[in-house]
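Commentary on secondary and tertiary structure
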Amino acid sequence: MDYCQNHILCIHDLSRNFGGVQALHGVDIHILRGGITGLIGPNGSGKTTLFQAVSGMDRDATGDVRFSNKSILGKRASKIYHAGLARTFQLSRLFPELTVLENLMVAARPNMPGTHKQATQLLMRINLHHYENVLASVLSYGQKRLVEFLRVLMSAPELILLDEPAAGINPTLRQTLWSMVRELNAQGTSFFIIEHDMSVIADLCADVYVLNEGEVIAHGDLESVRQDKHVLEAYFGA
Ligand SMILES: Nc1ncnc2c1ncn2[C@@H]1O[C@H](COP(=O)(O)OP(=O)(O)O)[C@@H](O)[C@H]1O
Ligand SMILES: [Mg+2]
């Protein structure tokens with residue numbers, strides 16, 4: 001099979017059933033290499049479940065997922081992460097008993113040189129270098145989320161999945177986050193982003209998928225999917 005030659009990630013016929021709840025049903029998605037693709041859909045439509053399956057956190061989905069044309073579905077999360085596909089979580093996963101700097105250092109690929117410098121530079125980029133030696137537990141919720149994003153960057157991933165990364169953080173940190181996404185993308189990193197704020201999706205994503213009840217109901221640029229009648233029904237009722 002060579003259906004995934006020109007994309008960084010191809011999801012084919014992905015399904016996931018939780019004891020009778022069909023959270024994903026025959027999902028097909030293609031993620032452009034070097035692009036920023038958006039994933040939207042009402043609450044409970046299966047967005048997080050999709051990221052869980054793609055990242056290897058959930059290994060019970062069926063179908064085929066290819067990252068750089070290699071099958072990854074069912075592989076261990078650590079293996080997928082080290083292959084260059086990283087994700088953040090809706091809730092912070094920092095180690096509260098480690099310092100901010102240590103949290104970044106432990107997220108680097110093993111034996112990678114320059115880890116300390118890279119961590120320091122990233123903290124400077126988000127104006128948190130004053131906090132490098134404090135415990136992560138001291139940070140505000142928004143700061144934790146930003147540091148969690150930096151953790152992902154420490155592994156220099158090719159593709160980053162972001163699940164509502166800006167939820168609950170203040171407008172300043174939010175701007176920092178989105179401008180970093182833009183910068184990294186300009187340097188070649190691909191993104192697949194779940195985000196509720198349509199102005200962010202409009203700004204960043206040339207390509208958007210809409211999920212509803214576990215199925216892709218629309219795909220294209222935001223303007224066209226917004227006018228799709230299935231999408232209007234899913235969001236606003238018939
Ligand atoms: N671990 C789980 N066990 C049982 N049901 C789940 C689990 N994870 C998700 N679901 C169900 O799958 C559906 C999709 O959920 P989710 O992927 O979290 O949606 P979204 O992220 O789009 O809000 C929901 O009906 C949810 O209740
Ligand atoms: Mg979710």
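Because the structure is a prediction, the values reported are computed rather than measured.

Moving on, we come to the sheet that holds strand β4 (residues 62–67). Taken in spatial order, the four strands of this open sheet run β2-β1-β4-β5, and their pairing is antiparallel. The open sheet has two edge strands with one neighbour each: β2 (21–32) and β5 (70–71). Pairing of β4 with β5, which is carried by two bridges, proceeds in the antiparallel orientation. If you follow phenylalanine 67 over to β5, its bridge partner there is lysine 70. Running over the sheet, helix α1 (residues 47–54) touches β1 (7–18), β2 and β4 and is turned about 115° from β1.

With that settled, the discussion passes to unusual backbone geometry. Of note in the backbone geometry, asparagine 127 takes a positive phi value of approximately 65° without being a glycine. A positive phi angle, near 45°, is found at glutamate 213, a position not held by glycine. With respect to the helices, strands and loops of the structure, glutamate 213 is situated in the loop between β9 (207–212) and β10 (215–220). Exposure remark for glutamate 213: the 15 C-beta atoms within 10 Å place this residue in the partly exposed category.

Around ligand 1, the structure places Phe18, Val21, Ala23, Gly41, Asn43, Gly44, Ser45, Gly46, Lys47, Thr48 and Thr49. Breaking the shell around ligand 1 down by element, the ones donating at least two residues are β2 and α1. In terms of residue count, the dominant contributor to the shell around ligand 1 is α1 (three residues). Partitioning the shell around ligand 1 into residue classes produces three nonpolar, seven polar and one charged.

Another point: the environment of leucine 128. Relative to the helices and strands, leucine 128 is located in the loop between α4 (115–125) and α5 (141–153). Residues leucine 128 and leucine 50 lie 78 residues apart in sequence; the distance between their C-alpha atoms is 32 Å. Apart from the residues within four sequence positions on either side, leucine 128 is in contact with Val100, Leu123, Gln143 and Val147.

For strand β3 (residues 36–40), the tally of buried residues reaches five of five residues, placing the bulk of the element in the interior. Of the two faces of β3, the one lined by Ile36, Gly38 and Ile40 and the one lined by Thr37 and Leu39 are each fully buried. Across four bridges, the pairing between β3 and β9 is parallel. Bridge assignment links glycine 38 to a residue of β9, and that residue is valine 208.

We now examine the environment of glutamate 164. On the secondary structure map, glutamate 164 appears in the loop between β7 (159–163) and α6 (171–186). Spatially, the C-alpha atom of glutamate 164 lies 8.2 Å from that of phenylalanine 89, the residues being 75 residues apart in sequence.

Relative to the 22 Å expected for 16 residues at 1.5 Å per residue, α6 spans 22 Å between its end C-alpha atoms, a close match to the ideal helical length. All buried positions along α6 are accounted for by Leu173, Leu177 and Val181. Looking straight down α6, one finds its buried side chains confined to an arc of 85°; they lie on one side. The outward face of α6, more than 90 degrees from its buried face, is lined by the exposed residues Pro171, Thr172, Gln175, Ser179, Glu183 and Ala186. Considering only its buried residues, α6 is in contact with α5, β8 (190–194) and α7 (198–204). With its phi angle positive at about 115°, glycine 188 sits one or two positions after the end of α6.

This part is about the sheet that holds β8. The strand order across the open sheet formed by six strands is β6-β7-β8-β3-β9-β10, and the pairing between neighbours is mixed. Of all strands in the sheet, those bounded by a partner on one side alone are β6 (85–87) and β10. When strand polarity is set aside, the average angle formed by the axes of neighbouring strands in this sheet is 20°. Bridge count for β3 against β8 is four bridges, and the pairing is parallel. By the bridge assignment, glycine 38 is partnered in β8 with isoleucine 193. Sheet contacts for helix α9 (residues 229–236): β9 and β10; angle to β10, the most-contacted strand, approximately 125°.

Let us now look at the packing of α5 against α6. Put simply, α5 and α6 touch, their axes get as near as 10 Å, and they point 10° apart. Viewed along their axes, α5 and α6 adopt a mutual orientation that is roughly parallel. Every residue of α6 that contacts α5 at Gly142, Leu146 and Phe149 is listed here: Leu173, Thr176 and Leu177. Residue classes in the contact of α5 with α6 are distributed as four nonpolar, two polar and no charged.

Cut-off values and rules
- Per-chain numbering applies: the sequence of each chain, read as written, is numbered from 1 onward.
- Chains carry letters from A onward and ligands carry numbers from 1 onward, assigned in written order.
- With the structure being a predicted model, the display of local features is reserved for residues of pLDDT at least 70 and the display and counting of side-chain atom pairs for 80 or more, all residues being used for whole-chain, interface and lining totals.
- When DSSP finds at least two bridges between two strands, those strands are taken to pair.
- Note on conventions: DSSP H or I runs of at least 4 residues are helices, E runs of at least 2 residues are strands, and numbering of each starts at the N terminus.
- Contacts here follow a simple rule: the backbone-placed C-beta atoms of the two residues must lie within 7 Å.
- Under this scheme, a helix contributes an axis fitted over its contacting stretch, all axes are lines through C-alpha atoms, and angles between N-to-C directions fall in the 0 to 180 degree range.
- Field definition: a residue is buried when 20 or more other C-beta atoms are found within 10 Å of its C-beta, exposed when 12 or fewer are, and partly exposed for counts in between, with C-beta atoms placed from the backbone.
- In this text, near has one meaning. A residue is near a molecule or strand if its C-beta atom, placed using the backbone, is within 6 Å of it.
- Three categories are distinguished: nonpolar for Ala, Val, Leu, Ile, Met, Phe, Trp, Tyr, Cys and Pro, charged for Asp, Glu, Lys and Arg, and polar for the others, with Gly belonging to the last.
- A helix is expected to reach a length of 1.5 Å times the quantity of its residues less one.
- As used here, the arc belongs to the directions running from the helix axis to the C-beta atoms.
- Angles below 35 degrees are treated as roughly parallel, those above 145 as roughly antiparallel, those between 65 and 115 as roughly perpendicular, and all remaining angles as oblique.

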